[in-house]
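# Geometric and topological summary
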Amino acid sequence: MASIRELLSSPTSREASTEPSAVGQDEDTVMVDVDSETPTFTVEFILDLICPYCYIGLKNLERAMVRYRESRPEATFKVSFLPYQLDPLAARSAYDKADYLDYLLGRPHTAEYWINLGQQAGITIHWDGRTGNTRDAHKLLLWALDPNLRTVRRTARAALTPSSPHSTASSPSSSSASAPAPRDVTNGNGYGPPRPHGPALQLLLAHALLSAHHARDTDLSSRASLTLLVSSATGHPASEVRTVVESEDWGRVVDALIADVTNPLGLAVRAVPTLVVNGRFVIGGLQSAEFLVGEFGRIAGSRGGVERRGDSEGEGEGGV
């Protein structure tokens, strides 16, 4: 089986090598030392924000990280996000949410199914309102990680670089088990002070976007709704957020990253959520916290090439 480095050297991926980088690989990527007593994990969470399985999957992932740390409190995690679109040709604000989800899944689910599935993860899922294309929302999720158009694609893909034995580079701000709590201090616009870009802000914004859509019926395809929501969640001015939302350059970055993760010669992601752990362990489908805790233990002592778990083995409850 090809190594992840070979998988990620597809034509689409090689294109990224021409982009200048503001930081070195050691600063972007948390490496794992398989011989170390300190388990260190990068988790690249591939998602579409309108997918309820992705919201539930993120909640399960965070519970799994907490539970794993109960037995290994020294363990560190870095979570970041890559885009995927279930319907890249969708229009904005064009569909009733409940009907559109059945269309995307290719099969109807009762409200009770989603209510029960959400409650298991501590989520109350609502099905009113409108929805549509998520490309603009993905722009903002990438911007939260790295606001520099020239480096964001490289930054977003850094966790997909294979982990090197005997290397444990990380920064204190790169590990996180849950979204940071909102601050009470506000700036002149009534929002909190601008938060620094990076994995912590991206995680916070992922929670804000997923909660707004699935629990409060916010239309993530509406540019006005996105601007207000993201400015409020991040503390950054609405004018700055609006510039990213309306930017076709940011849209092309989203398109390129989706091409990277769906490339049949690479990760070949065909459903979400998909997790890539330490650059070479691929876990597909909606997985329970218990399953993920077991996987973290297995990964902490593993060596070797790419491994796939989850959707290809019939494990997990769902995914689209």
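Read on for a plain summary of the structure. (Residues numbered from 1 in each chain as written. Predicted model: local features only at pLDDT ≥ 70, side-chain atom pairs only at ≥ 80, totals over all residues. Heavy atoms only, no water.)

### Things to note about the side chain of N133
Examined against the element boundaries, N133 turns out to sit in the loop between β4 (130-131) and α7 (135-145). Polar side-chain contacts of N133 include one of 2.9 Å to the side chain of Q85. Here the side chain of N133 touches P88 through a polar contact of 3.0 Å, landing on its backbone oxygen. When sequence neighbours within four positions are dropped, the list of residues in contact with N133 reads Q85, D87, P88, L89, A90, A91, R92, L220 and S221. (Helix = DSSP H or I, 4+ residues; strand = E, 2+ residues; numbered from the N terminus. Polar contact = N/O pair within 3.5 Å; in protein donor to acceptor, adjacent residues only side chain to side chain. Contact = heavy atoms within 4.5 Å.)

### Here's the deal with the nonpolar core
For soluble globular proteins, nonpolar side chains are generally found buried alongside one another. Grouped together as the largest cluster of nonpolar side chains are 79 residues, with contacts concentrated most on I46, L61, F81, L140, L205, L209 and F296. Filtering out sequence-adjacent residues up to four positions away, I46 remains in contact with L82, P83, Y84, V261, L267, V269, V272, P273, T274 and V276. (Core = buried A, V, L, I, M, F, W, Y, C linked by side-chain atoms within 4.5 Å. Buried < 20%, exposed > 50% of the residue type's maximum accessible area, 1.4 Å probe, protein only.)

### A short note on the pattern of salt bridges
Pairing between side chains of opposite charge can happen when their charged atoms approach one another. Per the stated rule, a full pass over the model turns up 13 salt bridges. Its salt-bridge partner being R72, residue E74 comes within 2.7 Å of it at the nearest N-O pair. Looking at E74, the relative accessible area reads 30%, which means it is partly exposed. Judged by relative accessible area, which is 29%, R72 ranks as partly exposed. For D249, the salt bridge is made with R252, and the minimal N-O distance between the two is 2.3 Å. Highlighted residues: D249 and R252, both in helix α12 (residues 248-262), separated by three residues, approximately one helical turn. Relative accessible area serves as the criterion here: at 39%, D249 is assigned to the partly exposed category. (Salt bridge = Lys/Arg side-chain N within 4 Å of Asp/Glu carboxyl O.)

### Looking at the packing of aromatic side chains
The description of an aromatic ring pair uses the distance of the two centres, along with the angle that the planes make with each other. In this structure the tally under the stated criterion is 12 aromatic pairs. Ring centres of F45 and F81 lie 5.7 Å apart, and the angle between their planes is 50°; on these two criteria the pair is classed as tilted. Here F45 is found in strand β1 (residues 40-47), whereas its partner F81 is found in strand β2 (residues 76-83), with 36 residues between them in sequence. By the burial criterion, F45 is buried, and F81 matches it. (Phe/Tyr/Trp six-rings, centres within 6.5 Å; stacked < 30°, edge-to-face > 60°.)

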